[in-house]
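# Notes for the structure review
Now for the letters of each chain:
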Amino acid sequence: RGKRAFIAGVADDNGYGWAIAKSLAAAGAEILVGTWVPALNIFETSLRRGKFDESRVLPDGSLMEITKVYPLDAVYDSPEDVPEDVKTNKRYAGSTNWTVKEAAESVKQDFGTIDILVHSLANGPEVSKPLLETSRNGYLAAISASSYSFVSLLKHFLPIMNPGGATISLTYIASESIIPGYGGGMSSAKAALESDTRVLAFEAGRKHKIRVNTISAGPLRSRAAKAIGFIDMMIDYSLENAPLQKELSADEVGNAAAFLASPLASAITGAVVYVDNGLNAMGVGV
Ligand code: NAD
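Residues numbered from 1 in each chain as written. Predicted model: local features only at pLDDT ≥ 70, side-chain atom pairs only at ≥ 80, totals over all residues. Heavy atoms only, no water.

Turning our eyes to something else, we now look at the site of the ligand. Around the ligand there are 26 residues in total, and Tyr16, Asp73, Lys190, Leu220 and Ser222 lie nearest to it. Tyr16 has a polar backbone atom sitting 2.8 Å from an oxygen atom of the ligand. A distance of 2.9 Å separates an oxygen atom of the ligand from a polar atom in the side chain of Lys190. Calculation on the ligand without its partners gives an accessible area of 820 Å², and the protein chains cover 92% of this total. Only β5 (161–171) and α8 (223–228) provide two or more residues apiece to the shell around the ligand. By residue number, the principal contributor to the shell around the ligand is α8, which donates three residues. Partitioned by chemical class, the residues of the shell around the ligand number 16 nonpolar, seven polar and three charged. (Near = heavy atom within 4 Å. Polar contact = N/O pair within 3.5 Å; in protein donor to acceptor, adjacent residues only side chain to side chain. Areas by Shrake-Rupley, 256 points an atom, 1.4 Å probe, with all protein chains shown as cover. Helix = DSSP H or I, 4+ residues; strand = E, 2+ residues; numbered from the N terminus. Nonpolar A, V, L, I, M, F, W, Y, C, P; charged D, E, K, R; others polar.)

Written out as structure tokens, the structure reads:
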């Protein structure tokens, strides 16, 4: 039987989530995605109208099939957590069952089990503010959307994951080195995500034989990255300074994710794997 993957954080064809979906599909996996509720309508419409068809092409010439798109807002664990103004917001009111717990229940009802869980989402409302100017609410919102969202996804999907399965998240080197401009507590959120990768690898490994890894990816001009505002500078910096002087393509991260999710990586867990043209290894630019 082929593997089944749930990829949270796909809302267009520019980000890492889409590229990971493609690499997994090319390796034979069935693809389910979780799409942020406010972005759901436009994503499904674009998909249906063929707007993504060019980027759906797999190496063998066939088109990636997304078996089902689930609405998801990973900052809410269950319906009791959703505030009234969000419930009644017109961008949310048209969808149902989009808290993490309900999404996992829907997937269970539709398909029974999954093998691969991918977390490719982040949000920091104050990302453009330096940490010193970040509010408590902004900081906690970054942690909630970018770090706890992974804990919650794993907690709710673990019971429907087949033993031997794997989970992957996406992190950024700002967790461990100073990257001015990556503010709002997003650097803190990535540090939490990396630390949680180790602790959750232990807990999910012992309990369910599930592996937990995170990919520290280099800069990509995704929708989320463009919102931060410094992405072109980071891409140029990497081109100048990394051991491999080429632009990083999302597919390279997708392929690394497919490797980490596969039996080829059966002894790799709790790891931060750099897919960044080697930039992390430089001490000083030359
Ligand atoms: P992206 O815009 O393609 O992906 C981010 C996704 O998160 C979007 O689809 C957005 O709708 C979704 N999202 C935001 N809040 C959500 C919520 N509450 N519930 C559900 N979904 C939500 O951008 P990307 O850059 O590909 O980001 C994917 C991951 O890669 C993120 O974790 C990001 O931090 C990480 N990353 C990106 C870069 C980069 O340069 N782009 C570098 C390193 C790591």
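There's more to say after this.
Attention now goes to the side chain of Ser95. Inspection of the secondary structure puts Ser95 in the loop between α4 (90–93) and α5 (100–111). Judged by relative accessible area, Ser95 falls into the buried class, the value being 18%. Those residues in contact with Ser95 that sit more than four places away from it in its chain are Val37, Leu40 and Pro71. (Buried < 20%, exposed > 50% of the residue type's maximum accessible area, 1.4 Å probe, protein only. Contact = heavy atoms within 4.5 Å.)

Turning next to the pattern of salt bridges. The final tally for this structure, using the stated rule, is 10 salt bridges. Glu65 serves as the salt-bridge partner of Arg56, at 3.5 Å between the closest nitrogen and oxygen. Taking relative accessible area as the criterion, Arg56 reaches 13% and is therefore assigned buried. The shortest N-O distance in the salt bridge between Glu105 and Lys101 comes to 3.6 Å. Of this pair, Glu105 and Lys101 are both found in helix α5, four residues apart, which corresponds to roughly one turn of the helix. Judged by relative accessible area, which is 43%, Glu105 ranks as partly exposed. Exposure remark for Lys101: the relative accessible area of 37% places this residue in the partly exposed category. Counted as one network, the salt bridges with shared partners bring together Asp53, Arg56 and Glu65. (Salt bridge = Lys/Arg side-chain N within 4 Å of Asp/Glu carboxyl O.)

Moving on, we come to the packing of helix α6 (residues 136–157) against helix α7 (residues 186–208). In contact at an axis separation of 9 Å, α6 and α7 are set at 20° when each is read in the N-to-C sense. Here α7 runs roughly parallel to α6, going by the angle between their axes. The two elements α6 and α7 meet at a crossing, and its hand is right-handed. Between α6 and α7, the contacting residues are Tyr139, Ala142, Ile143, Ser146, Ser147, Phe150, Val151 and Leu154 on the first element and Met186, Ser188, Ala189, Ala192, Leu193, Asp196, Leu200 and Ala204 on the second. A class-by-class count of the residues in the contact of α6 with α7 yields 12 nonpolar, three polar and one charged. (Axes fitted to C-alpha atoms, helices over the stretch in contact; angles between N-to-C directions. Parallel < 35°, antiparallel > 145°, perpendicular 65-115°, else oblique. Left-handed = near helix turned anticlockwise from the far one by under 90°.)

Burial runs high along strand β3 (residues 66–72): five of the seven residues are buried. Summarising the sheet, strand β2 (residues 30–36) and β3 pair through six bridges and their orientation is parallel. Paired with Ile31 across the bridge in β3 is Ile66. Taking the sense of rotation as the criterion, the β-α-β connection linking β2, helix α2 (residues 37–48) and β3 turns out right-handed. (Pairing = 2+ DSSP bridges. Right-handed = clockwise from strand over helix to strand, strands pointing away.)

Right, let's get into the nonpolar core. Of all hydrophobic cores here, the largest spans 39 residues; its most connected members are Leu24, Ile31, Phe43, Ile66 and Ile215. Discounting chain neighbours no more than four positions away, the residues touching Ile31 are Ala5, Ile7, Ala21, Leu24, Ala25, Glu65, Ile66, Thr67 and Lys68. By size, the runner-up hydrophobic cluster in this structure holds 26 residues, among which are Tyr70, Leu72, Leu117 and Val212. (Core = buried A, V, L, I, M, F, W, Y, C linked by side-chain atoms within 4.5 Å.)

For the rest of this paragraph, the subject is the packing of aromatic side chains. Considering all chains together, one arrives at seven aromatic pairs under this definition. Grouping aromatic residues by their ring pairs yields a cluster made of Phe6, Tyr70 and Phe157. (Phe/Tyr/Trp six-rings, centres within 6.5 Å; stacked < 30°, edge-to-face > 60°.)

What follows deals with a nonpolar patch on the surface. The grouping of Leu131, Tyr139 and Leu140 at the surface amounts to a nonpolar patch, some 270 Å² of accessible area in total. Examined against the element boundaries, Tyr139 turns out to sit in helix α6. (Patch = residues over 30% accessible without salt bridge, like charges linked within 9 Å, V, L, I, M, F, W, Y side chains within 5 Å.)

In this fold, Ser46 is placed in helix α2. Taking the relative accessible area as the measure of exposure, Ser46 reaches 10% and is therefore buried. Not counting chain neighbours up to four residues away, the residues in contact with Ser46 comprise Lys51 and Phe52.

On to unusual backbone geometry, then. Its identity is not glycine, yet Asn97 carries a phi of approximately 60°, on the positive side. Relative to the helices and strands, Asn97 is located in the loop between α4 and α5. For Asn97, a relative accessible area of 41% corresponds to the partly exposed category. At Lys209, a residue that is not glycine, the phi angle is positive and equals roughly 60°. Within the secondary structure, Lys209 sits in the loop between α7 and β6 (211–217).

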